[in-house]
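Chains, contacts and geometry: an overview
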Amino acid sequence: MKGKQILTMAFGAMILAACAGGGSDVRLVKTCIFPGDYPDPSIMREGNDFYMTHSCFTYYPGLLIWHSTDLLTWEPVARAVEGQDYSIFAPELCKVNGKYYIYYPTSNGLNFVVTADRIEGPWSEPIRLDANGIDPGHVLGDDGKHYLYLSDGNAPLILARLTDDGLSVVGKPETSYTGWQFPEDWVTEGFWLESPKLFKRGDWFYLVTAEGGTAGPETSHMVVVARSKSATGPWENSPYNPMIHTYSADERWWSKGHGTIIDDAQGNWYVVYHSYRNGFHTLGRSTMIESVKWTKDGWPVAAQEDGSLWENGGLQAGYSYLRDYDNPIMWAKWEPGVDGKPGFEDVAGGTLMTTTAIDGNYSICAEFEIGGNGQAGLYLFYNEDAYFGTRMGMDADDALSSALSKAFIKIENRGNLATVWTSRNGTDWFQLESDKDVSSYHHNTYKGFFALRPAYLTTEGARLVKFTYTPIE
């Protein structure tokens, strides 16, 4: 990575050694490993090494790949896609016959695959696949063939057979698994069968899917399991479904779903999934991990039955962010609009840089230098229709003397109530607006599946001097 950019995440975890299920020792883990906006996790293991990537949507370079040896502490190793002009979501990361693959769908309804001989890259240019659908899930059959499962919403899953190199579709995709029917009185967005993830254990192939909708009501999402003796089905539903689910809005985590089941080299099993923090859709979907045990009849179930009781300190642990703006954590190009709305649209182009908030209460502060007609802004940004903050230009006195103008902007977000200040010296602050309710700035209101992100904007003639993110106790 350019400049050896480092973003390490070492969050608090609750890890207990206990005996559970069938008399075998189970490492019990329930924690949030990626607080903030890290949805649709796709995880794989290679020996003692784990790799994970997430939906990156419109932020690019895309598909940041993370590495861990303990499933709790992670650091980035590569980005698989650069310069895309579409939104990327729900990828599938896997390794087959010595080569790494990432299959991913896009906002324009297409599916692509990129490959690499080393996880660090270089990654290939995207190759388009002749298959429609979202949330690809790859599996290698006993016949040595590649198979790709895709979701089509409420319809059955789609099964696409791939060539031996896994880079193109053979024949016409066919319908496959129809899902598990949850009780009619459950409060969900709808059926929404999606997120197929597959693995083999013993003689069985297991298919892990999501149902109920990924946002919407707090009790919508869930993880369900089916199995088959063949990678292509037919599929038998688990009698223990759903494996993971939010049953009440009183629970700490909402809309738990989009799960992948994985083991470690010591034989422990886990399910990795995403979830909203109670009351904070604005933070996006965090990546969670939970231990798995196996029933005597060969089904995976959550190792701790009542997931609503556990507490997680990870969201208060903070993080280290070393900026490298030639290859930033997340960034998006902003071009001016044409409808005359206030805010970004009357800025003559610029660059919007964003990062991930992980706390319910936090402050962000930015120092800028501005010259000429340059402008700089600090925001809580969901999308072009939902943001809070302000921007500043050159000070009149500095303009007369042709000196660079200093500008400081600070925003506090306390439980989704936001306040913004500006300053010319970083000491004397002027409050512009206080206690702005930003709690509705999320997918259920504005769609898109994004999060409300700290962001700064600079146009030509302005530059960022310093940016800080600070949790508030």
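In this report, we go over the structure that sits alongside the text. These numbers were taken from a predicted model, which means no experiment stands behind them. (Residues numbered from 1 in each chain as written. Predicted model: local features only at pLDDT ≥ 70, side-chain atom pairs only at ≥ 80, totals over all residues. Heavy atoms only, no water.)

**Let's talk about the overall build of the protein chain**
Worth spelling out the cut-off: The helix count covers DSSP runs of H or I at least four residues long, the strand count covers runs of E at least two residues long, and both are numbered beginning at the N terminus. Accessible area is worked out with a 1.4 Å probe on protein chains only. A residue is then buried under 20% of its type maximum, exposed over 50%, and partly exposed in between. Calculation of accessible area relied on Shrake-Rupley with a 1.4 Å probe; when residues are assessed, cover is drawn exclusively from the protein chains displayed.
When helices and strands are counted, the protein chain shows two helices and 34 strands. Burial status across the protein chain gives 59% buried among its 473 residues. A total of about 19,000 Å² of accessible surface is found on the protein chain, and carbon and sulfur atoms cover 48% of it.

**Comments concerning the pattern of salt bridges**
Pairing of side chains with opposite charge becomes possible as their charged atoms draw close. Test applied: In the sections that follow, a salt bridge refers to a side-chain nitrogen of Lys or Arg positioned within 4 Å of a carboxyl oxygen of Asp or Glu.
With the rule as written, the count across this model stands at 17 salt bridges. Between R424 and D395 there is a salt bridge whose closest N-O contact spans 3.7 Å. Within this pair, whereas R424 is found in the loop between β31 (417–423) and β32 (430–437), its partner D395 is found in the loop between β29 (386–392) and α1 (396–401), the two being separated by 29 residues in sequence. Judged by relative accessible area, R424 falls into the partly exposed class, the value being 33%. Residue classification places D395 among the partly exposed positions, given a relative accessible area of 22%. Here E412 makes a salt bridge to R414, at a shortest N to O gap of 3.0 Å. A residue is classified by how much of its surface remains accessible, and R414, at 41% relative accessible area, is partly exposed.

**Structural notes on the sheet that holds β31**
Counted only if it meets this: Whether two strands pair depends on DSSP finding at least two bridges between them. For helices, the axis comes from a line fit to the C-alpha atoms of the stretch in contact; other axes are also lines fit to C-alpha atoms, and the angle between any two N-to-C directions lies between 0 and 180 degrees.
Taken together, the five strands give an open sheet; going across it, the order is β32-β31-β30-β27-β34, and neighbouring strands pair in antiparallel fashion. The open sheet has two edge strands, β32 and β34 (462–471), and neither has a second partner. Between one strand axis and the next, the sheet turns through 15 degrees on average, direction left out of account. As defined by bridge partners, strand β27 (residues 361–370) adjoins strand β30 (residues 405–414) across ten bridges and the pair is classed as antiparallel. Paired with I364 across the strands is I411, a residue of β30.

**A short note on the sheet that holds strand β12 (residues 134–140)**
Across the sheet, which stays open at both edges, the four strands sit in the order β12-β13-β14-β15 with antiparallel pairing between neighbours. Each edge of the open sheet is held by one strand with a lone partner, namely β12 and β15 (169–175). Between one strand axis and the next, the sheet turns by 20 degrees as a mean value, whatever way the strands run. Two elements, strand β13 (residues 146–151) and strand β14 (residues 158–162), share four bridges in a ladder whose sense is antiparallel. Bridge assignment links Y149 to a residue of β14, and that residue is L159.

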